[in-house]
Amino acid sequence: MKPKTMLRRAILEWVLKFLSAGLPLLICSCLLPLPATAASKVTEVLRQKLGHVVQPRMLWVGCETIHTQEDLVQFYKDRQFAPFWVNEQGLNALGKDLPSQLAEARLHGLDPEDYHLRCINATITELNAISLSPREPTAQALADLDILMTDAFMIYASHLTTGKVDPESLYPLWFSQKEKANIISGMNRLVRSKDLAETIKSFAPSHRQYWDLIDAAQQMESIIAAGGWPMLSQGRTLRPGDRDPRVAMLRYRLKASGDLGSSEPDGQPDKLDETVELAVKKFQLRHGLAVDGVVGPNTLRELNIPAENRRQQILLNLERWRWLPHEWSKNYVIVNTAAFTLSAHRASESLSMRVIVGKDYQKTPVFSEAMRYIEINPYWNVPHSIAVKEMLPKIKRNPGYLANNNYQLLSGGSVINPWHIDWQNISSNNFPGRIRQKPGTRNALGRIKFMFPNRFNVYMHDTPDRHLFQRARRAFSHGCIRVQEPVELALLMLKDDPGWTRERLENAIASGKRRVININSDWMVHILYWTAWVDGLGQLQFCPDIYERDPILWQALNKKTRRATVASSAAVDTATN
């Protein structure tokens with residue numbers, strides 16, 4: 001092995017071991033000017049490495065293997081293989097700024113090591129060491145660094161735009177309309193603006209809630225750095241007015257999360273007084289619990305979730321934001337199935353209400369679709385699975401069950417008399433026709449159905465079971481979404497059609513006749529799953545992970561990619577030739 005090669009490898013091994021040990025290392029991105037002969041070769045080296053790449057392949061650059069995707073190769077071809085991050089002086093201004101920008105990926109819940117940061121820093125340190133010696137940094141080393149930085153930028157921009165994880169690979173009931181990041185266009189803008197931080201930011205979701213969550217994650221980090229919050233010991237349920245030694249720790253816990261003002265006097269520390277009761281209610285409201293001021297098993301469980309876990313919950317939901325379309329219509333509905341809530345937005349108007357979503361074994365899917373029409377006094381066409389699993393046993397006991405509950409048995413377009421069928425010999429394989437429930441007060445869809453056709457056959461609708469909206473946990477449906485205030489939601493969606501007044505809509509409902517009203521304005525429905533978000537008042541909200549989707553995503557989000565490894569002697573030899 002050449003002496004020069006041996007020295008470069010020794011330096012690189014030392015830097016990587018230093019970084020692996022977690023020791024602080026100040027990276028000075030201030031390479032000394034290169035001789036013109038070396039600088040003039042960088043473009044040629046880039047051309048040699050990438051000019052003949054016609055399909056994606058693995059490429060060793062510096063101390064890491066990268067995947068030469070189409071965008072990377074096309075980017076350099078468009079530039080005539082001129083370097084982007086280096087120049088004849090070494091790193092240019094953008095190249096010097098990139099490592100610190102990549103390090104900030106952690107603020108988005110992303111791992112900077114997915115963007116070659118350790119390898120980039122090690123390479124810069126090595127080149128700096130060479131520049132301070134009688135030897136010269138090679139065009140090969142600079143070309144490798146330029147490719148490595150471009151690949152890092154492109155992967156980071158892609159993750160900010162569409163997320164690191166593909167949700168459809170994790171969840172069968174998740175459909176994401178992904179947007180391909182126009183990375184080359186962004187890099188061309190960067191050439192003009194020279195503002196790397198702003199360019200990177202432009203790839204991330206622009207919604208205020210996304211950035212509010214980032215702020216919330218940083219605030220949670222501050223809480224963690226201060227020691228987090230205490231765990232409350234198990235014991236009897238604490239009710240307003242109770243005295244218990246654990247109340248003093250409860251006060252401390254509520255102050256740590258901001259639910260009880262830090263300046264609030266403790267008064268009688270062991271008493272759950274009115275001040276503590278109000279703080280408990282605030283905590284319960286922010287965590288999707290029944291708001292009663294009582295510290296029972298559910299509230300105690302949520303109080304004892306560590307601050308680090310709450311930070312993870314925030315970071316998971318940043319990833320879920322990145323799966324969403326970046327451009328939203330001016331009129332839209334958000335259903336957060338995890339929180340059992342709906343919010344509708346039309347210009348400056350908004351409407352919020354409770355919803356009922358799918359049971360654990362009949363989960364409501366996640367997707368976005370355009371609202372097409374509203375159906376007044378709808379029929380309910382009973383899904384075959386419900387007909388055979390839930391209704392067939394009842395019909396076998398009493399065929400009159402159908403008429404008693406306003407159902408019809410249909411074959412083709414004709415109504416069949418259920419008393420003419422030998423139900424004892426009927427199974428899921430030979431079920432006769434289909435079941436339909438007629439419009440009326442007992443119809444399972446209530447009086448209004450909201451249709452946004454989708455692959456899951458899920459829609460929103462009214463319900464006769466109004467009492468269920470009073471429950472804190474509202475997962476009772478077969479997957480569709482039952483809305484608390486269907487008339488108000490319909491009126492908001494129909495505001496662009498002045499002919500549909502409240503009186504006219506209520507008369508149409510009272511008629512008992514089925515009617516379809518097309519939605520002519522631009523409305524989108526987003527069925528989402530957020531377990532952490534910031535509300536319109538700036539309050540950080542959490543809710544239980546009802547479908548247990550968080551652990552799966554956390555594992556995928558933190559799946560480690562290929563890390564930088566010390567270059568082989570052959571690779572180092574290549575870099576020095």
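Here's what I pulled together on the structure shown here. Keep in mind it's a predicted model, so treat the numbers as computed, not measured.

Side note on the sheet that holds strand β13 (residues 434-437)
At step 1: Ordered by their spatial adjacency, four strands build an open sheet running β10-β13-β11-β12, and the pairing between neighbours is antiparallel. Edge strands, defined here as strands with exactly one partner in the open sheet, are β10 (380-381) and β12 (414-416).
At step 2: Bridge count between strand β11 (residues 407-411) and β13: four bridges; the pairing is antiparallel. Each bridged residue has a counterpart across the sheet, and for Y407 the counterpart in β13 is Q437.
At step 3: In this fold helix α15 (residues 384-397) packs onto β10, β11 and β13, with an angle of close to 80 degrees to the strand it touches most, β13.

Structural notes on the layout of surface pockets
At step 1: Of the pockets and cavities examined, the second largest pocket occupies roughly 900 Å³.
At step 2: Lining the second largest pocket are 37 residues, with W380, P383, I386, L445 and H478 positioned closest to its centre.
At step 3: Counting only elements with at least two residues in the lining of the second largest pocket, the list comes to β10, α15, β13, β14 (448-451) and β16 (475-477).
At step 4: If one sorts the elements of the lining of the second largest pocket by residue count, α15 sits on top with five residues.

Topic: the pattern of salt bridges
At step 1: Per the counting criterion, the structure on display carries 26 salt bridges.
At step 2: A salt bridge links E44 to R47, with the shortest nitrogen-to-oxygen separation between them at 3.7 Å. Residue E44 and its partner R47 are located together in helix α2 (residues 36-50), separated by three residues, close to a single helical turn.
At step 3: Overall, E44 belongs to the partly exposed group, its relative accessible area being 38%.
At step 4: One salt bridge in this structure joins D144 and K49, with 3.2 Å as the shortest N-O distance. Of this pair, D144 sits in helix α6 (residues 139-162) while K49 sits in helix α2; the two residues are 95 residues apart in sequence, bridging distant segments of the chain.
At step 5: Take K49: its relative accessible area is 15%, and that puts it in the buried class.

Structural notes on the packing of aromatic side chains
For any pair of aromatic rings, the description rests on two quantities: the centre-to-centre distance and the angle between the ring planes.
At step 1: Taken as a whole, this structure holds 18 aromatic pairs when the rule is applied.
At step 2: Relative to F203, the ring of F153 lies with its centre 6.0 Å away and its plane at 80 degrees, an arrangement referred to as edge-to-face. One end of the pair, F153, is in helix α6; the other, F203, is in helix α9 (residues 196-203), and 50 residues separate them in sequence.
At step 3: Residue classification places F153 among the buried residues on the basis of a relative accessible area of 2%.
At step 4: Note on F203: relative accessible area 6%, which makes it buried.
At step 5: Taken together, F75, Y76, F84, W85, F153 and F203 form an aromatic cluster joined through their ring pairs.
At step 6: When the ring centre of Y379 is taken as reference, the NZ or CZ atom of R436 above it lies at 3.9 Å.
At step 7: Sitting over the face of the ring of W500, R504 holds its NZ or CZ atom 3.9 Å from the ring centroid.

Some words on helix α19 (residues 550-557)
At step 1: Inspection of α19 places D550, L553, A556 and L557 among the buried residues, and these make up the whole buried set. Down the axis, α19 shows its buried residues gathered within 130 degrees of arc, on one side only. With respect to the buried face of α19, the exposed residues turned more than 90 degrees away are P551 and Q555.
At step 2: Those residues of α19 hidden inside the fold are in contact with α7 (167-170) and α14 (307-322).

Conventions and cut-offs
- Residues numbered from 1 in each chain as written.
- Predicted model: local features only at pLDDT ≥ 70, side-chain atom pairs only at ≥ 80, totals over all residues.
- Heavy atoms only, no water.
- Pairing = 2+ DSSP bridges.
- Helix = DSSP H or I, 4+ residues; strand = E, 2+ residues; numbered from the N terminus.
- Contact = heavy atoms within 4.5 Å.
- Axes fitted to C-alpha atoms, helices over the stretch in contact; angles between N-to-C directions.
- 1 Å grid on protein atoms, 1.4 Å probe; cavity = no way out; pocket = protein on both sides within 12 Å on 5 of 7 lines; lining within 4 Å.
- Points joined across faces, edges and corners; volume = space filled by probe spheres on them.
- Salt bridge = Lys/Arg side-chain N within 4 Å of Asp/Glu carboxyl O.
- Buried < 20%, exposed > 50% of the residue type's maximum accessible area, 1.4 Å probe, protein only.
- Phe/Tyr/Trp six-rings, centres within 6.5 Å; stacked < 30°, edge-to-face > 60°.
- Lys NZ or Arg CZ within 6 Å of the ring centre and 35° of its normal.
- Arc of directions from axis to C-beta.

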